[in-house]
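# Breakdown of the fold
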Amino acid sequence: MYKWLDERLDLTGLYQKVLRKAFPVHHSFFLGEITLFAFIVLVLTGIFLTLNFEPSIREVRLPDGRTVPAAYASVLYIDSLPFGAVIRSLHHWSAHVMIAAAFLHMLRILLSGAYKKPRELNYLVGLALLGLAVVTAFTGYALPYDNYAVTATRIGYGIAASIPWVGSTLAQVMFGGEFPGSEKAIPRLYSLHVLWLPLLLMALIGMHMAIMMKQKHTQPRYAERVAPGRILGVPMYPQQLVMMGILFALYVGIMTLIAGAFLA
Ligand code: HEM
């Protein structure tokens, strides 16, 4: 089977070119990966949430007689499902971790000088990723449509609308009218949050990784001391991928404990 595929897809060439890429062994180089793990967990938990969330502010009556927006009622429904509250909480805390880890990753890039030639382009792609991650998190804030969400989103609406020249258009595109009040706001924020922004993030992350593979990593300082002028690190396959698998499992385990202890 391998031979058959290799003759057609040059798997050996691919292995030599991509999977033997040397990955530096230094804890600070895991920050980019933690950002990536947080994003993967956000996509997986987000798929579960979209299956049960209703992006609408039409009024519905709860079994206890209260009348609430449908979006909020669907969040209560998610919390009542087996593991529903923990999965929603994992989504919430992973969004925080993604932004914090991307920020720390950026600090590593700045402090180690990894932004310098030839990596300026990837630095800019990274900045766009950080900005986009913040906007994506913000669009998710409004969705439960409880008091906290509405207050936080109203502040965001004010900030967006007050940007000179483009403010009113931007607010119109993001919120579909005045916030709170506009019936279009939640469906609009929802489609941005679950479709357009994640697609853009995926495309930019793909570009970020492709540029990183092409340019190769910078070397941590100890590597320059130990083996000057040479690339020091473990091959992407199998060592680095095994380490990534372990780190990903640790990430999911620790974050699930945190999500369960501090429900969103
Ligand atoms: C969603 C956000 C981001 C993700 C998922 C991400 C992911 C990664 C990963 C996995 C790596 C390789 C491992 C590492 O060096 O840590 C990397 C490298 C890199 N990232 Fe990011 N990153 C993000 C944001 C940023 C930001 C905010 C910046 C800077 C403003 C940035 C600039 C870079 C640069 C310049 C490299 C190459 C580093 C080197 O060669 O040593 N990234 N990124």
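Everything that follows concerns the structure shown earlier in this document.
Residues numbered from 1 in each chain as written. Predicted model: local features only at pLDDT ≥ 70, side-chain atom pairs only at ≥ 80, totals over all residues. Heavy atoms only, no water.

### Re the overall build of the chain
Condition: In DSSP terms, a helix is any run of H or I states spanning at least four residues, a strand is any run of E spanning at least two, and both are numbered starting from the N terminus. In what follows, a contact means two residues having at least one pair of non-hydrogen atoms within 4.5 Å. In this description, accessible areas are obtained by the Shrake-Rupley approach with a 1.4 Å probe, and a residue is regarded as covered only by the protein chains that are shown. Charge counting follows a simple rule: Lys and Arg are positive, Asp and Glu are negative, and His as well as the terminal groups are ignored. A single reference atom marks each charge: NZ on Lys, CZ on Arg, CG on Asp, CD on Glu.
Counting its regular elements, the chain contains 11 helices and 4 strands. Dimensions of the chain, computed from the C-alpha atoms along their principal axes, are close to 70 × 45 × 40 Å. Pairs at least 24 residues apart make up 68% of the contacts formed inside the chain by residues separated by at least 6 positions. Element-wise, carbon and sulfur atoms account for 71% of the exposed surface of the chain, whose accessible area totals about 15,500 Å². If the 21 positive side-chain charges of the chain are averaged to one point and the 13 negative ones to another, these points end up 12 Å apart.

### A look at the pattern of salt bridges
Just so we agree on the cut-off: Put simply, a salt bridge is a Lys or Arg side-chain nitrogen that is within 4 Å of an Asp or Glu carboxyl oxygen. A 1.4 Å probe rolled over the protein chains alone gives each residue an accessible area, and that area as a share of the maximum for its type sets the label: buried under 20%, exposed over 50%, partly exposed in between.
In this structure the tally under the stated criterion is 5 salt bridges. A salt bridge links Arg8 to Glu7; the nearest nitrogen and oxygen atoms lie 3.7 Å apart. The exposure class assigned to Glu7 is exposed, which follows from its relative accessible area of 56%. Residues Asp79 and Arg88 are paired through a salt bridge, measuring 2.9 Å at the closest nitrogen-oxygen approach. A residue is classified by how much of its surface remains accessible, and Asp79, at 28% relative accessible area, is partly exposed.

### Points about the site of the ligand
Heads up, the rule is: By convention in this text, a residue qualifies as near a molecule or strand provided that one of its non-hydrogen atoms is within 4 Å of it. For this classification, the nonpolar set comprises Ala, Val, Leu, Ile, Met, Phe, Trp, Tyr, Cys and Pro, the charged set comprises Asp, Glu, Lys and Arg, and every other residue, Gly included, is treated as polar.
Taken together, the neighbourhood of the ligand is formed by 25 residues, with Phe29, His105, Arg108, His208 and Thr218 sitting nearest. Those elements that place two or more of their residues in the shell around the ligand are α3 (31-52), α5 (84-112), α6 (120-141) and α9 (185-215). Looking at which element gives the most residues to the shell around the ligand, the answer is α6, with 6 residues. In terms of residue class, the shell around the ligand is built from 13 nonpolar, 8 polar and 4 charged.

### Comments concerning the environment of Leu132
With respect to the element layout, Leu132 can be found in helix α6. Between the C-alpha atom of Leu132 and that of Leu192, which follows or precedes it by 60 residues, the distance is 11 Å. Residue contacts for Leu132: discarding those within four places in its chain leaves Leu197, Leu200, Leu201 and Leu204.

### Examining the coordination of the iron atom of the ligand
Filter applied, for reference: Distances decide who is a donor: an N, O or S atom must be within 2.8 Å of the metal, or within 3.2 Å for Na, K and Ca. Water is not included, so sites may look incomplete. For four-coordinate sites, all angles between 85 and 135 degrees define a tetrahedron; for four- and six-coordinate sites, opposite donors beyond 155 degrees with the remaining angles between 65 and 115 define square planar and octahedral shapes respectively, and all other cases count as irregular.
Protein ligation of the iron atom of the ligand involves His105 (NE2) and His208 (NE2), the donor distances falling in the range 2.0 to 2.1 Å. One can describe the donor arrangement at the iron atom of the ligand as octahedral, given that its 6 donor atoms subtend angles of 85 to 179 degrees at the metal. Note that His105 is positioned in helix α5 and His208 in helix α9, a separation of 103 residues in sequence. Accessibility expressed as a relative area gives 13% for His208, which makes it buried.

### A closer look at the nonpolar core
Under the convention used in this document: Here, nonpolar core means buried Ala, Val, Leu, Ile, Met, Phe, Trp, Tyr and Cys residues that are tied together by side-chain atoms lying within 4.5 Å of each other.
Phe53, Tyr145, Phe175 and Phe179 are the most contacted members of the largest nonpolar core, which totals 41 residues. For this core, the elements supplying multiple residues, two or more each, are α3, α4 (70-80), α5, α6, α7 (147-161), α8 (167-175), α9 and α11 (236-261). Beyond its immediate sequence surroundings of up to four residues, Tyr145 is in contact with Ile57, Pro69, Ala71, Tyr72, Val150, Phe179, Pro180, Gly181 and Ile186.

### Remarks on the packing of aromatic side chains
Each aromatic ring pair is specified by the distance between its two centres and by the angle formed by the two planes. Our working definition: Side-chain rings of Phe, Tyr and Trp (the six-membered ring for Trp) are treated as a pair once their centres are within 6.5 Å; stacked means planes under 30 degrees apart, edge-to-face means over 60, and tilted covers the remaining angles. The rule for a charge over a ring is simple: NZ of Lys or CZ of Arg within 6 Å of the ring centre, and within 35 degrees of the ring normal.
Applying the stated criterion across every chain yields a total of 9 aromatic pairs. Taking the centre distance of 5.5 Å and the plane angle of 35 degrees together, the rings of Phe53 and Tyr190 count as tilted. Taken as a pair, Phe53 in the loop between α3 and β2 (59-61) and Tyr190 in helix α9 lie far apart in primary sequence, 137 residues in all. Each member of the pair, Phe53 together with Tyr190, is buried. Linked through ring pairs, Phe138, Tyr145, Tyr157, Phe175 and Phe179 together constitute an aromatic cluster. For Arg108, the ring lying beneath its charged end belongs to Phe29, and the centroid distance is 3.8 Å.

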